[in-house]
Amino acid sequence: MDNSDNPKIDKHFEALRHGIFRELVNANMSFNIFWGLRDSPNTQIMNMYRDFFFFTLSAHHRAFVISVHNIVEYDKETSNLPRFINYIDSSPRLSKMYSGKIDGYRQIIAKHQTLLAEIQKMRDKLYAHNELLELHPGLPYMKKDAQTLLDDLGGLLNSISKEYDQSGFGYVTTNPIHLSNVLSDLEEFYRTREQIIRSKFVQ
């Protein structure tokens, strides 16, 4: 059913909500793939195909950083949470609907400022402009802190969405078991190939 003429439907709200949801899907997908590979015990097979896995890890970490930045950085031209919250606050109808909750939404983002500052630094100096001259081993944040950030951002969007039309979003798209299965299958393929090659020489 087409709800485009429904007076309760706010098209600008819905466009911002959908754009943020897409970025949350991207951020969660890349986060889970990056950490799924980084924490994998299948290091031998990954080292054997390191050209592929190194650039896969790099690409997904870059995508995670950029997506999170896009979600939390205010830009008047894009879908992001600060703009979304400001729009709700400025709308006579929506501000009544969310009365007493808007400051809490902003505080959810603000409590992650230390981590978000590190993510913005990586985005600005390493990925967007390549200005980072001194690279340090490891990552400037903890996995658990980044996971909490993603959970809080997703929970924030769902809280706003539920208040608006009782809907919610499922934004976690990557099953770690699938990554493990891919690596295990690749190891099995390699072992089988090696056995076939050795059997040919034995004959």
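Peer 1: Please clarify how the overall build of the protein chain should be interpreted in this entry.
Peer 2: Looking only at helices and strands, the protein chain has nine helices and zero strands in total. Shown N-terminal to C-terminal, the secondary structure of the protein chain runs as helices and strands in the order α-α-α-α-α-α-α-α-α. Its C-alpha radius of gyration of 22 Å places the protein chain more than 25% over the 17 Å reference for a compact globule of 203 residues. Overall, the C-alpha framework of the protein chain stretches about 80 × 50 × 25 Å when taken along its three principal axes. Put simply, the protein chain has 203 residues, and 35% of those count as buried. A separation of at least 24 residues holds for 73% of the contacts in the protein chain among residues at least 6 apart in sequence. Counting every atom, the protein chain has about 12,600 Å² of accessible surface; 54% of that belongs to carbon and sulfur.

Peer 1: Before we go on, may I ask you to explain the packing of helix 6 (residues 102–110) against helix 8 (residues 143–165) in this structure?
Peer 2: A packed helix pair is summarised by two numbers, namely the angle formed by the two axes and the spacing between the axes. Viewed as axis vectors pointing N to C, helix 6 and helix 8 meet at an angle of 165 degrees, and their least axial separation amounts to 10 Å. Regarding the angle of helix 6 to helix 8, the classification is roughly antiparallel. As for the relative orientation of helix 6 and helix 8, their crossing is left-handed in sense. For the pair helix 6 and helix 8, the contacting residues are Tyr105, Ile108 and Ile109 in the first and Asp152, Leu153, Leu156, Ser159 and Ile160 in the second. In terms of residue class, the contact of helix 6 with helix 8 is made up of six nonpolar, one polar and one charged.

Peer 1: Would you take a moment to explain the packing of helix 3 (residues 50–72) against helix 8 for this structure?
Peer 2: Orientation of helix 3 relative to helix 8, taken along the N-to-C sense of each, is 40 degrees, at an axis distance of 12 Å. Taken together, the axes of helix 3 and helix 8 lie oblique to each other. The way helix 3 lies across helix 8 gives a crossing that is left-handed. Residues Phe64, Val68, Ile71 and Val72 of helix 3 form the contact with helix 8, whose participating residues are Ala146, Leu149, Leu150 and Leu153. Looking at the contact of helix 3 with helix 8 residue by residue, the classes come out as eight nonpolar, no polar and no charged.

Peer 1: Before we go on, may I ask you to explain helix 3 in this structure?
Peer 2: Side chains of residues three or four places apart in an α-helix project in the same direction, reflecting 3.6 residues per turn. Look at helix 3: 33 Å from first C-alpha to last across 23 residues, which is about the 33 Å you get at 1.5 Å a residue. Taken together, the buried positions of helix 3 are occupied by Phe53, Thr56, Leu57, His60, His61, Phe64, Val65, Ser67, Val68, His69, Ile71 and Val72.

Peer 1: Any chance you could explain the confidence of the model for the protein chain here in plain terms?
Peer 2: Detailed reading of the predicted coordinates is not advisable wherever pLDDT is low. Residue-level pLDDT values for the protein chain average 88, and 92% of them are 70 or greater. Predicted confidence is poor over residues 1–5, with pLDDT under 50, and the contacts of this stretch with residues over four places away or in other chains come to two contacts.

Peer 1: Is there a simple way to explain helix 6 in this structure?
Peer 2: Considered for burial, the residues of helix 6 that qualify are Ile102, Tyr105 and Ile109. Buried residues in helix 6, looked at end-on, bunch into an arc of 60 degrees, giving them a common side. Counted as exposed and oriented over 90 degrees from the buried face of helix 6: Asp103 and Gln107. Elements in contact with the buried residues of helix 6: helix 4 (81–90), helix 7 (113–128) and helix 8.

Peer 1: What is the right way to look at the environment of Lys121 in this model?
Peer 2: Topologically, Lys121 is positioned in helix 7. In this structure Lys121 comes out as partly exposed when scored by relative accessible area, which is 43%. For the pair Lys121 and Ile108, spaced 13 residues apart in sequence, the C-alpha to C-alpha distance is 20 Å.

Peer 1: Which parts of the structure should I look at to understand unusual backbone geometry?
Peer 2: For residues besides glycine, phi is generally negative; the peptide bonds are generally trans as well. Even without glycine at this site, Gln166 takes up a positive phi of about 65 degrees. Among the structural elements, Gln166 can be located in the loop between helix 8 and helix 9 (176–202).

Peer 1: What should I look at first to understand the pattern of salt bridges in this one?
Peer 2: A side chain with one charge can pair with a side chain of the opposite charge if their charged atoms come near. Within the structure shown, the criterion is met by 10 salt bridges. Between Asp165 and Arg17 there is a salt bridge, with its nearest N and O atoms 3.1 Å apart. One end of the pair, Asp165, is in helix 8; the other, Arg17, is in helix 1 (residues 11–38), and 148 residues separate them in sequence. The salt bridge involving Glu163 is made with Lys101; its shortest N-O contact spans 2.6 Å. Of this pair, Glu163 sits in helix 8 while Lys101 is found in the loop between helix 5 (92–97) and helix 6, placing the two residues 62 residues apart along the sequence. Relative accessible area serves as the criterion here: at 33%, Lys101 is assigned to the partly exposed category. Via salt bridges that share partners, Glu14, Arg17 and Asp165 belong to a single interconnected network.

The rules behind these values
Residues numbered from 1 in each chain as written. Predicted model: local features only at pLDDT ≥ 70, side-chain atom pairs only at ≥ 80, totals over all residues. Heavy atoms only, no water. Helix = DSSP H or I, 4+ residues; strand = E, 2+ residues; numbered from the N terminus. Rg over C-alpha atoms; globule rule 2.2 N^0.38 Å. Buried < 20%, exposed > 50% of the residue type's maximum accessible area, 1.4 Å probe, protein only. Contact = heavy atoms within 4.5 Å. Areas by Shrake-Rupley, 256 points an atom, 1.4 Å probe, with all protein chains shown as cover. Axes fitted to C-alpha atoms, helices over the stretch in contact; angles between N-to-C directions. Parallel < 35°, antiparallel > 145°, perpendicular 65-115°, else oblique. Left-handed = near helix turned anticlockwise from the far one by under 90°. Nonpolar A, V, L, I, M, F, W, Y, C, P; charged D, E, K, R; others polar. Expected span 1.5 Å × (residues − 1). pLDDT = per-residue confidence, 0-100. Arc of directions from axis to C-beta. Salt bridge = Lys/Arg side-chain N within 4 Å of Asp/Glu carboxyl O.

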